[in-house]
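For reference, the chains in residue letters:
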Amino acid sequence: MKKTLLSILCVSAMLIAFAQKPYKVVFYNLENLFDTINDPNKNDEEYLPEGARKWTTYRYNCKLDNMSRVLFDIAAEDKNFPAVIGVSEIENRLVLEDLIATPRLAKANYRIVHYDSPDRRGVDCAFFYRPDKFQLEGSEAHRISFPGRPTFFTRDLVAMWGKIEGEPFYFIVSHWPSRLGGKERSQYSRDFVAEKCKHICDSVRTVNPATKVVIMGDFNDDATDASVTDILGAKGDKKGKIKDLQPNDMYNPFYSMYKAGYGTLGYRDSWNLFDNIVVSENLATGSTGKLKIQKKEGAKLYGNIFYRPYMIQQDGQYKNYPLRSFVGSNFQNGYSDHFPVYIYISK
């Protein structure tokens, strides 16, 4: 009788263990998710019903439906809504509220972390998070001020911190300055933001070395560029195996993906991988606590890029690239010019 009871308890424990799905962390550039309302404090004239994009309620609702479809399909892969989603290129809190209220996403019960930034394009970064998975303790926006350039405004770094299964986490979502004017000419601005991200990470882990840091976003630089590898210090498989990471190192699962030919956006007949999720050494190796990044079942790499045929341009100038909302001034009811990326975290 005792052996039977023990066997039942063991089987029950195993079932509970297998039922615990890994935590999915996603980043997605939503490509100009604007509402249709004129905001005198935002540069939104292009995205108004009477604006250049003729951004009507119909087109706005199409965009919301498309974005919710992608996020729902990411969840459908393992029948589990992501615990944390970082987004960029959103106008304000209203569009975030409208997105998580769509029928596909409403049941996930997402909460929002958002701050208005001074970006000259009028777009911000933000988070969605599931309060049943991530227990929020605080948030803040880190303003980017470039020395000697008082009129150059970009997106804030949005940070939030809290716990997953009792372990401390600090998330940053970012959208680094673009390559407008050329990569080399604009490199200083991305290097500056990379340095800011690294400083925040180091400061957080100085206070509590057990904190697991996740820096995600559209870096407007590839995973192999110096702003990511040298300034942010995000090592990849080719520059240092996970087992070789040192306590203050960062790890970029998307370095090896880019080296293998994967990308998240296309430009001039080639792929870039600007969309990254970088983690601190202790989240890569599990050197503190029990949670660490994991490979998707059957995958060889830790990073994941999500795409489906409906997200891909089927013809024309941008064939095989991400299906964007507009080509020139022509509305094509697309999704985004970027593919989303994600990682898994579990014990």
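What you see is a predicted model; the values in this text were computed from it and never measured.

(A) How the structure looks around helix 3 (residues 93–100). The set of residues buried in helix 3 consists of V95, L96, L99 and I100. Taken around the axis of helix 3, the buried residues stretch over an arc of 125 degrees, which confines them to a single face. Buried residues in helix 3 make contact with strand 1 (23–33), helix 2 (57–76), strand 2 (84–90), strand 3 (111–114) and strand 4 (124–129). Of the residues flanking the start of helix 3, the one acting as N-cap is N92, its side-chain oxygen 3.1 Å from the backbone nitrogen of L94.

(B) The arrangement of the environment of I343 in detail. Residue position: I343 is located in strand 18 (residues 341–346). On the accessibility criterion, I343 (1% relative accessible area) is buried. It is 6.7 Å that separates the C-alpha atoms of I343 and V26, two residues lying 317 residues apart in sequence.

(C) Representation of the sheet that holds strand 8 (residues 212–218) within the structure. Taken in spatial order, the seven strands make up an open sheet running 5-6-7-8-13-10-9, and their pairing is mixed. The open sheet has two free edges, formed respectively by strand 5 (135–142) and strand 9 (234–235), since each of these has just one partner strand. Pairing between strand 5 and strand 6 (residues 157–164): seven bridges, direction antiparallel. Within strand 6, the position partnered with E140 by the bridge is A159. Against the sheet, helix 4 (residues 183–207) contacts strand 5, strand 6, strand 7 (167–175), strand 8, strand 10 (250–251) and strand 13 (275–280), and its axis sits at roughly 165 degrees relative to strand 8.

(D) The arrangement of the pairing of strand 18 in detail. A large share of strand 18 lies buried, amounting to six of its six residues. Alternating positions in strand 18 separate into two faces, V341, I343 and I345 on one and Y342, Y344 and S346 on the other, with burial throughout. Sheet topology note: the strand 1/strand 18 ladder contains five bridges and is antiparallel. Bridge assignment links V25 to a residue of strand 18, and that residue is I343.

(E) View of the environment of D35. Its place among the elements puts D35 in the loop between strand 1 and helix 2. Put simply, D35 and P49 are 14 residues apart on the chain and 9.8 Å apart in space, counted from C-alpha to C-alpha. If sequence neighbours within four positions are ignored, D35 has contacts with Y47, W55, Y60, E91, N92, L94 and V95. A distance of 3.0 Å separates the side chain of D35 from the backbone nitrogen of I37, its partner in a polar contact.

(F) Examining the nonpolar core more closely. Residues V84, F171 and M216 are the most contacted members of the largest nonpolar core, which totals 73 residues. Residues contacting V84, with those up to four places away along its chain left out, are K24, V25, V26, F127, F128, Y129, F134, M160, F171 and M216. If you look at the next biggest cluster of nonpolar residues, it comprises 22 residues, including L157, W176, I200 and A234.

(G) Layout of the confidence of the model for the chain. On average, the chain scores 93 in pLDDT, and the residues at 70 or more come to 93%. Segment residues 7–18: pLDDT under 50, and zero contacts once partners within four positions in sequence are set aside and those in other chains are kept.

(H) Region of interest: unusual backbone geometry. The phi dihedral of N109 is positive, around 60 degrees, even though this residue is not glycine. Tracing the backbone through its elements, the reader meets N109 in the loop between helix 3 and strand 3. Residue N109 is classed as partly exposed on the basis of its relative accessible area of 40%.

(I) Spatial organisation of the pattern of salt bridges. In total, this model carries 22 salt bridges according to the counting rule given. Where E167 meets K212, a salt bridge forms, and the shortest distance between an N and an O atom there is 2.6 Å. Separated by 45 residues along the polypeptide, E167 in strand 7 and K212 in strand 8 bring together distant segments of the chain. By relative accessible area, which is 11% here, E167 ends up buried.

(J) Layout of the side chain of D44. Inspection of the secondary structure puts D44 in the loop between strand 1 and helix 2. Here D44 is buried and forms no salt bridge, its nearest opposite-charge partner K42 lying at an N-O distance of 8.5 Å. Residue contacts for D44: discarding those within four places in its chain leaves F34, I37, N38, D39 and E91.

Scoring rules and cut-offs
Residues numbered from 1 in each chain as written. Predicted model: local features only at pLDDT ≥ 70, side-chain atom pairs only at ≥ 80, totals over all residues. Heavy atoms only, no water. Buried < 20%, exposed > 50% of the residue type's maximum accessible area, 1.4 Å probe, protein only. Helix = DSSP H or I, 4+ residues; strand = E, 2+ residues; numbered from the N terminus. Arc of directions from axis to C-beta. Contact = heavy atoms within 4.5 Å. Polar contact = N/O pair within 3.5 Å; in protein donor to acceptor, adjacent residues only side chain to side chain. Pairing = 2+ DSSP bridges. Axes fitted to C-alpha atoms, helices over the stretch in contact; angles between N-to-C directions. Core = buried A, V, L, I, M, F, W, Y, C linked by side-chain atoms within 4.5 Å. pLDDT = per-residue confidence, 0-100. Salt bridge = Lys/Arg side-chain N within 4 Å of Asp/Glu carboxyl O. Lys, Arg positive; Asp, Glu negative; His and termini not counted.

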